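Working through the structure, step by step
So you can see what is in the structure, the chains are spelled out below.
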Amino acid sequence: MRAAIELSLKKMRDDCGGPFGAIIVRKNKIVGRGWNRVTSTNDPTAHAEVSAIRDACKKLKTFKLDGCEIYVNCEPCPMCLAAIYWARIEKIFYANTRKDAAEIDFDDDLIYREISLPISRRKILMKQLLRAEALEVFAEWKSKADKVRY
């Protein structure tokens, strides 16, 4: 956890982005490091956890991080939490809470609330289009013999 906190402080001071750091560990060895790069890369998805996942996957040459744990200096936002699940990371350790983050103007609560709403009540319009055509692609995937499952 100290490595994640130290990384968050260093990269914040280096003006790389917000005050967030993440470390991914497998078998007591650091296999991924990430820090918030949103403002330095103009990428709203470049959160510390996502950056650490990308780093670990590249180093380990896999898209599955089973057997890994992640240490983050703040409770993951909904996007990062979803990415952690997709990466199959087994444990999450965090220091600050999302309430602590909200107190310094990083408020993920809107997203947490929006996710739980029915699609028709969300702030961002979501409208379904061309489902039949899109289902054809899914049908082909379902029968694809050489697909890589994830």
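Above: the structure in question.
Report follows, based on the coordinates. (Residues numbered from 1 in each chain as written. Predicted model: local features only at pLDDT ≥ 70, side-chain atom pairs only at ≥ 80, totals over all residues. Heavy atoms only, no water.)

The grouping of F63, W86, V148 and Y150 at the surface amounts to a nonpolar patch, some 510 Å² of accessible area in total. By the element assignment, Y150 lies in the segment after α7 (131–143). Given the relative accessible area of 62%, Y150 is considered exposed. (Patch = residues over 30% accessible without salt bridge, like charges linked within 9 Å, V, L, I, M, F, W, Y side chains within 5 Å. Areas by Shrake-Rupley, 256 points an atom, 1.4 Å probe, with all protein chains shown as cover. Salt bridge = Lys/Arg side-chain N within 4 Å of Asp/Glu carboxyl O. Helix = DSSP H or I, 4+ residues; strand = E, 2+ residues; numbered from the N terminus. Buried < 20%, exposed > 50% of the residue type's maximum accessible area, 1.4 Å probe, protein only.)

The next thing to look at is the layout of surface pockets. Of the voids in this model, the largest pocket is the one considered here, and its volume is about 310 Å³. Surrounding the largest pocket, 22 residues form its lining, F20, N36, H47, F106 and D108 being those nearest its centre. Elements represented by at least two residues in the lining of the largest pocket include exactly α2 (38–41), α3 (48–60) and β3 (68–74). The class makeup of the residues in the lining of the largest pocket is eleven nonpolar, seven polar and four charged. (1 Å grid on protein atoms, 1.4 Å probe; cavity = no way out; pocket = protein on both sides within 12 Å on 5 of 7 lines; lining within 4 Å. Points joined across faces, edges and corners; volume = space filled by probe spheres on them. Nonpolar A, V, L, I, M, F, W, Y, C, P; charged D, E, K, R; others polar.)

Attention shifts here to the pattern of salt bridges. Here the structure, examined in full by the defined rule, presents six salt bridges. The salt bridge partner of D55 is K59, with a shortest N-O separation of 3.2 Å. Pair noted here: D55 and K59 are both in helix α3, with a separation of four residues, about one helical turn. A residue is classified by how much of its surface remains accessible, and D55, at 22% relative accessible area, is partly exposed. Between K144 and D146 there is a salt bridge; the shortest N-O distance is 2.6 Å. Residue K144 is classed as partly exposed on the basis of its relative accessible area of 37%. Since its relative accessible area comes to 56%, D146 is described here as exposed.

With that out of the way, let us pick up the pairing of strand β1 (residues 21–26). In terms of burial, β1 is a largely internal element, five of the six residues being buried. Taken together, the six bridges between β1 and strand β2 (residues 29–35) define a ladder with antiparallel strand orientation. Along β2, the bridge assignment pairs I23 with R33. Hairpin geometry of β1 and β2 is characterised by an intervening segment of two residues between the two adjacent antiparallel strands and by a positive phi of about 50° at K27. Of the pairings in the sheet, the one linking β1 to β3 comprises five bridges and is antiparallel in character. If you follow I24 over to β3, its bridge partner there is I70. (Pairing = 2+ DSSP bridges.)

Turning our eyes to something else, we now look at the sheet that holds β3. Within the open sheet, the four strands sit side by side as β2-β1-β3-β4. Their pairing is mixed. Edge positions in the sheet fall to β2 and β4 (91–96), since each has one partner strand and no second. Taking the axes of each pair of neighbouring strands and ignoring which way they run, one obtains an average angle of 15° across the sheet. The strands that helix α1 (residues 2–13) touches are β1, β2 and β3; relative to β1, the one it contacts most, it runs at about 145°. In this fold α3 packs onto β1, β2 and β3, with an angle of close to 140° to the strand it touches most, β2. (Axes fitted to C-alpha atoms, helices over the stretch in contact; angles between N-to-C directions. Contact = heavy atoms within 4.5 Å.)

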